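Next come the chains, spelled out residue by residue.
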Amino acid sequence: MDKIILITGVSGEVGIGLLDKLSKSTTKVVGLDVNEVNKDYRNKLFKFIKLDITDSGELDKLFAKYKFDTIYHLAALLSTSAEKNPENAHKINVDGTFNLLTLANKYAQKRKSVTKFIFPSTIAVYGMGNLKNKNKFTSVKENEFLTPITMYGVNKLYCESLGNYISNYYKLLENNKRYLDFRAVRFPGLLSALTTPTGGTSDYAPEMIHYAAKGESYACFVRNTSTIGFMAMPDAVNALLTIASSSKNRLTQYVYNVASFSVSADEIKKQVEKYFPGAKISYRIDAKRQSIVDSWPQSTNDQAARRDWNWKPKYTFSKTFGEYLIPTIKLKYQK
Ligand code: VAH
């Protein structure tokens with residue numbers, strides 16, 4: 001039987017990037033989202049399901065119908081959106097994830113198979129406490145500073161543990177058999193040439209680029225020295241596919257940092273001005289969003305991922321702009 005992959009949040013930034021890559025293979029992809037998928041991508045899907053992951057009844061029917069080999073659970077309410085409606089964020093980010101984990105486990109057990117569950121977590125699980133710590137501890141490991149200050153970061157940190165629990169200890173694994181193989185990566189801010197972000201706090205970086213490409217002025221909502229990690233979307237997609245295809249016995253952890261480059265808002269502004277000399281970029285600080293970015297680490301330590309499953313980003317800061325973002329974005333807006 002053909003292997004079928006499920007992508008939740010398929011209409012989102014990472015979803016589109018992952019689908020774009022998977023559609024170049026023969027894999028059958030079922031895409032699920034509460035929002036319609038961009039028409040250019042709909043025909044890359046074996047099936048599109050418009051569904052809310054908090055609807056466990058409808059989800060159960062989906063799992064009964066399809067035997068998913070791997071699930072990429074990308075659906076989430078990101079950090080800024082989650083702060084605007086924390087209760088709704090908890091429903092989507094936690095209850096939705098719980099539904100998917102328990103249903104994947106239930107149907108894998110019924111079919112006496114194992115389903116891989118790939119979970120994108122985030123540097124938002126960290127809380128550096130203050131700028132002194134942020135500037136002093138610049139290579140944060142997976143078990144350090146786990147004190148998130150956003151609902152999104154709290155949700156993602158809990159769901160990492162929930163995934164590990166359901167894949168290892170849920171209902172005291174019958175005859176010691178695992179039915180769910182949970183694996184998580186913690187992403188920094190992601191930069192996509194194909195889509196503009198919605199509801200994130202790292203959005204100032206992609207927004208700066210896309211506004212300049214459209215010839216529109218942009219007011220950056222964090223101060224110029226604000227520094228966090230970023231990654232080109234192709235590297236993020238590669239991280240998801242690589243950890244998914246790695247043999248289980250090589251993995252010594254269930255959650256891994258993956259990192260690429262760390263830059264300030266001002267360094268991004270200078271790159272944008274290099275490619276769009278007429279760019280009109282100013283600063284108008286949003287105190288709440290600034291406090292979120294200040295709580296995130298400057299950069300994270302991804303040695304465990306490099307050691308266990310050969311993680312290595314392809315795009316440096318300058319290559320991300322010169323070889324990935326700019327050529328595709330210019331084409332996108334010229335059209
Ligand atoms: C957000 N883009 O801003 C996400 C990301 C590191 C930040 O998780 O919420």
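These remarks concern the structure in this document. Computed from a prediction, not measured in an experiment: that's the story for all the values here.

1. Here's the deal with empty space enclosed by the protein
One pass over the full model with this rule turns up 2 cavities of 30 Å³ or more. Lining the second largest cavity we find F63, Y66, K67, F68, A104, Y107, A108, R111, S113 and T115. Counting residues per element, the lining of the second largest cavity draws most heavily on helix α5 (residues 86-110), which supplies 3 residues. A breakdown of the residues in the lining of the second largest cavity according to their chemical character gives 6 nonpolar, 2 polar and 2 charged.

2. Some words on the site of the ligand
As a structural note, the neighbourhood of the ligand is formed by L78, S79, T122, I123, Y152, P188, G189, G200, T201, S202 and W296. T122 has a polar side-chain atom sitting 2.8 Å from an oxygen atom of the ligand. A distance of 3.0 Å is found between a nitrogen atom of the ligand and a side-chain nitrogen or oxygen belonging to S202. Protein coverage of the free-state accessible area of the ligand, which is 280 Å², stands at 92%. More than half of the atoms of the ligand fall within 2 Å of the grid points belonging to the largest pocket.

3. A look at the pairing of strand β5 (residues 115-122)
The buried count for β5 comes to 7 of 8 residues, which makes it a mostly enclosed element. Direction of pairing for strand β4 (residues 68-73) relative to β5: parallel, over a ladder of 3 bridges. Following the sheet pairing, I71 is matched in β5 by F117. Inspection of the sheet shows β5 paired to strand β6 (residues 180-187) by 8 bridges, in the parallel sense. Bridge pairing links T122 to F187 in β6.

4. Comments concerning the environment of G17
Here G17 is to be found in helix α1 (residues 13-22). Among the residues examined, G17 registers a relative accessible area of 10% and is labelled buried. Taking the C-alpha atoms as reference points, G17 and P234, 217 residues apart in sequence, are found 7.0 Å from one another. In this structure, G17 is in contact with M233 and V237, ignoring residues within four places of it in sequence.

Conventions used here
- Numbers given to residues run from 1 along each chain, matching the order in which its sequence is written.
- Two thresholds apply to this predicted model, a pLDDT of at least 70 for residue-level local features and 80 or more for giving and counting side-chain atom pairs, whereas whole-chain, interface and lining totals are computed over all residues.
- Derived side-chain values reflect all non-hydrogen atoms in the structure, with water molecules and hydrogen atoms excluded from consideration.
- Cavity and pocket criteria rest on a 1 Å grid covering protein atoms alone: a 1.4 Å probe that fits but cannot get out defines a cavity, protein on both sides within 12 Å along at least 5 of 7 lines defines an open pocket, and an atom within 4 Å of a point defines a lining residue.
- Grid points are joined across faces, edges and corners, and a volume is the space filled by probe spheres set on the points.
- In this text, helices come from DSSP runs of H or I with a minimum length of four residues, and strands from runs of E with a minimum of two, each type numbered from the N-terminal end.
- Any residue outside Ala, Val, Leu, Ile, Met, Phe, Trp, Tyr, Cys, Pro, Asp, Glu, Lys and Arg is labelled polar, Gly included; the first ten of those are nonpolar and the last four are charged.
- Residues are counted as near a molecule or strand when any one of their heavy atoms sits within 4 Å of it.
- Throughout this description, a polar contact denotes any pair of N or O atoms lying within 3.5 Å of each other; where both atoms belong to protein, one of them has to be capable of donating a hydrogen while the other can accept it, and for residues adjacent in sequence the pair is counted only when both atoms sit in side chains.
- Computed with the Shrake-Rupley method and a 1.4 Å probe, the accessible areas treat only the protein chains shown as cover for residues.
- Should more than half of a molecule's atoms lie within 2 Å of a pocket's or cavity's grid points, that molecule is taken to sit in it.
- Each residue gets one of three labels from its accessible area relative to the maximum for its type: buried under 20%, exposed over 50%, partly exposed in between, using a 1.4 Å probe on protein chains only.
- Following DSSP output, two strands are said to pair if at least two bridges run between them.
- We call two residues contacting when some pair of their heavy atoms lies within 4.5 Å.

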